Amino acid sequence: MKLNDIRDNSGARKSRIRIGRGIGSGKGKTGGRGQKGQKSRSGVAIKGFEGGQMPLHMRLPKRGFNNPFGKDYAEVNIGMVQKFIDAKKLDGKNVVDHEALKAAGLARGGKDGVRLLGKGEIKAKVSFKVAGASKGAIEAVEKAGGKVEVIAADTPEHEKKAARAEANKAAKAK
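The model shown is predicted, which means the values in this text are computed figures rather than measured ones. (Residues numbered from 1 in each chain as written. Predicted model: local features only at pLDDT ≥ 70, side-chain atom pairs only at ≥ 80, totals over all residues. Heavy atoms only, no water.)

(A) Highlighting the overall build of the protein chain. Counting secondary structure elements, the protein chain contains 5 helices and 6 strands. Start at the N end of the protein chain and walk to the C end: the helices and strands fall as α-β-α-β-α-β-β-β-α-β-α. Expected size for 174 residues packed as a compact globule is a radius of gyration near 16 Å; at 32 Å, the protein chain overshoots this value by more than 25%. Along the longest, intermediate and shortest principal axes, the C-alpha atoms of the protein chain span 90 × 70 × 20 Å. (Helix = DSSP H or I, 4+ residues; strand = E, 2+ residues; numbered from the N terminus. Rg over C-alpha atoms; globule rule 2.2 N^0.38 Å.)

So this is what it looks like as structure tokens:
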């Protein structure tokens, strides 16, 4: 056998059907598109259209909830922080904040900051400045001799308004 003798098995590759090439081909005249109408024309994409009837995806009830006030935190486990400190990708002597974690490649995204989670263990004495931290993470960091400073996030306007209303109500009661 030589390289120029190598062929596909018979029937492994099927040639495409050439449409619109005369009535004898079986796919001539309308080219397999039937006759008339929007779908017989070119450049038509009717995905969920049901002839003007409300499409099924719009008739079905919607599920779930998308919180407009939800926070987007980059979640970082303390075990990964320790791994990056050991690999000298992260400097544990300085304060570790969102910028430092992002520069090291640990925190991706998180437009509202970083949330520290307690998975894994930390041995290094590290000082963190983050937007949020779990109880387990705070305990583990403090046990290793470090500290966690949680930055107070800006409260949303509707919460400030509610707090002011409560304060006014309490003032009127006196």
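Moving on from the coordinates now.
(B) Broad picture of the packing of aromatic side chains. Taken as a whole and judged by the stated rule, the model has 0 aromatic pairs. Positioned above the aromatic ring of F84, the side-chain terminus of K89 is 5.2 Å from the ring centre. (Phe/Tyr/Trp six-rings, centres within 6.5 Å; stacked < 30°, edge-to-face > 60°. Lys NZ or Arg CZ within 6 Å of the ring centre and 35° of its normal.)

(C) A look at the side chain of H98. Its location among the elements puts H98 in helix α3 (residues 98-104). Excluding its chain neighbours within four sequence positions, the residues that come into contact with H98 are A107, G109, G110, G113, V114 and K129. (Contact = heavy atoms within 4.5 Å.)

(D) Structural detail: the sheet that holds strand β5 (residues 132-133). With parallel pairing, 3 strands are arranged side by side in an open sheet as β1-β3-β5. Each end of this open sheet is capped by a strand with a single partner; those strands are β1 (74-77) and β5. Of the strand pairs in this sheet, strand β3 (residues 114-117) and β5 are connected by 2 bridges, and their pairing is parallel. Within the sheet, the bridge partner assigned to R115 lies in β5 and is G132. (Pairing = 2+ DSSP bridges.)

(E) Local environment of the nonpolar core. Core analysis: the largest hydrophobic core is formed by 23 residues, its most contacted members being V81, L90, L101, L116 and F128. Of all the secondary-structure elements, those providing two or more residues to this core are β1, α2 (78-86), α3, β3, β4 (127-130) and α4 (135-143). Top contributing element to this core by residue count: α2, with 4 residues. Apart from the residues within four sequence positions on either side, F128 is in contact with V81, V95, V96, L116, I122, V141, K147, V148 and E149. (Core = buried A, V, L, I, M, F, W, Y, C linked by side-chain atoms within 4.5 Å. Buried < 20%, exposed > 50% of the residue type's maximum accessible area, 1.4 Å probe, protein only.)

Honestly, that's just the spatial picture; any functional story needs more than this.
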